[in-house]
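Below, each chain spelled out in residue letters.
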Amino acid sequence: MSKAKQVLCIDPEPSDLRIAALLNRRGIAVDLTEVSSRESLRSALERANWWDLILCDGESVEGLGVQTAILPFRDELDASLVLVKAAESALSVQQGHRLGAADLVVRDEIEHLLMVCERELQSCALRKELRALRRTAGLLDQDPPRSVVLATIHDLSRTARPDDEDAARGESPVADQARVRALIDAGGLTLEFQPIISLSTHEEHRSMFETLVRLKDDTGKLLMPSDFLPVLEAAGWMTKIDLWILRRALATLQEMQEGGAQDAVLFINVATETLNSAETAKALGAFISAARLARGSVVIEVRKSAFTDARAALERFARSLQAKNHGLLIEDAGIDDCAFLAEHRDLITHVKLERAMTQGLVERRIPQEAVNALVQCAQKEGMRVIALAVDNAELLPMLFAAGVDAIQGHFVSMPYQNLMYPSIQRVESKSGPVWQGPERSG
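Let me sum up the structure you'll find in this document. (Residues numbered from 1 in each chain as written. Predicted model: local features only at pLDDT ≥ 70, side-chain atom pairs only at ≥ 80, totals over all residues. Heavy atoms only, no water.)

### Let's talk about the state of the cysteines
Summed over the entire model, instances satisfying the criterion amount to one disulfide. Shown here is the disulfide that connects Cys338 with Cys377, its sulfur atoms set 2.2 Å apart. Because the torsion about its S-S bond is 95°, the bridge between Cys338 and Cys377 counts as right-handed. Note that Cys338 is positioned in helix H13 (residues 338–343) and Cys377 in helix H15 (residues 368–380), a separation of 39 residues in sequence. Judged by relative accessible area, Cys338 falls into the partly exposed class, the value being 22%. Note on Cys377: relative accessible area 23%, which makes it partly exposed. (Disulfide = S-S within 2.5 Å. Helix = DSSP H or I, 4+ residues; strand = E, 2+ residues; numbered from the N terminus. Buried < 20%, exposed > 50% of the residue type's maximum accessible area, 1.4 Å probe, protein only.)

### Quick look at the packing of H15 against helix H16 (residues 395–402)
At a minimum axis distance of 9 Å, the contact between H15 and H16 shows a crossing angle of 50°. By the criterion of interaxial angle, the relationship of H15 to H16 is oblique. You can see that H15 and H16 cross each other, and the crossing is right-handed. Contact with H15, carried on its side by Gln368, Val371, Asn372 and Val375, involves Met398, Ala401 and Ala402 of H16 and no other residues of that element. (Axes fitted to C-alpha atoms, helices over the stretch in contact; angles between N-to-C directions. Parallel < 35°, antiparallel > 145°, perpendicular 65-115°, else oblique. Left-handed = near helix turned anticlockwise from the far one by under 90°. Contact = heavy atoms within 4.5 Å.)

### What to know about the pairing of strand S4 (residues 80–85)
With six of its six residues buried, S4 lies for the most part within the structure. Here S4 shows two buried faces, one formed by Ser80, Val82 and Val84 and the other by Leu81, Leu83 and Lys85. The sheet contact formed by strand S3 (residues 53–57) and S4 spans five bridges and is parallel. Residue pairing for S4: Leu55 is matched across the bridge by Val82. As judged from the four bridges shared by S4 and strand S5 (residues 103–106), these two strands associate in the parallel manner. Across the sheet, the residue bridging to Val82 is Asp103, located in S5. Once you follow S4 into helix H4 (residues 93–98) and on to S5, the crossover reads as right-handed. (Pairing = 2+ DSSP bridges. Right-handed = clockwise from strand over helix to strand, strands pointing away.)

Laid out in structure tokens, this is it:
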């Protein structure tokens, strides 16, 4: 059995939270250490590599000088800082991230707090694993040295701040078209942004996000796409929804770039049904061409079906993207698609590995060699490869070994309504042909 996770609680954990007991019920053994003074905090941080998670009362961050105290140990510290605040506290998510926190959670939202703790403990375990791999002589011995990306959060929202950024998530199914239409008419559509994190070291870093549409119900909670997109598709409304998403996303990106985030890139989904409408496809291209954006800062995601069901429109649309050096991504590439990628090399700039592939890889249903081959095929054609649904630590070394260019998933970052992008922290290691994932303990 693995050792207990070491959690440092700054100023200390309120007794009613019972973090250790609740995490133990989830199968995570935890030891808590409480500190409540500058001296005890400094002493605890001198054992930087001991900690797996740091929880801090939001009101104590500045009072105890937590940000300043952590700074000298930042390079040795694998644990994330999570702030916990009272519901009535004015401390915002943006302030928390400026203070170096990976997340800010309301104390009474216990399930959310436990989820964040579990996520950040997993992130810390991966950081420790990568640090150990770097120190293990001979384990990875192929030159030149490569880097693995780890995450801390940086707020790129600036003035481009989507509405209701603090709205809670929910998953209440919406049953009928009339109800969906009523929610849309009431202004319920909103966007979230999930970071796409580069694993490549040979290129200039860019801050990449996938744009995701959400719908607020009557209580303000956010519905997931599976709760309402099938209704929109059945009603034939996807063309209007895609136009709304694109225009809103382009406006957000333009504000980001005008605010100084010139390296920002948005990935935006467009349905095959939308491309089938010549008028709508033309409008999409016109909006992108007219937007005052940095070249190469938009990537449109389409499914393979668009290459057969809407081929002519897709080709025209792709040419309009190429005029501004923007990209086209195929979002459901499979292990047998090398020939398909070669056939469409003049249109496709990015490839996203389908969810079933990443899940099959970690479950050993899909061979590592098959994924390696697909990635090599895509990169041979000049395409960048992104892995979707990276939701656990075991996947990362497999994808790194395959040469995947970038990753996206809940392990790296949940989607946010404000544009929170993990800044790059690289752990250097020599890369080789085989990189075993972290061992599982029973």
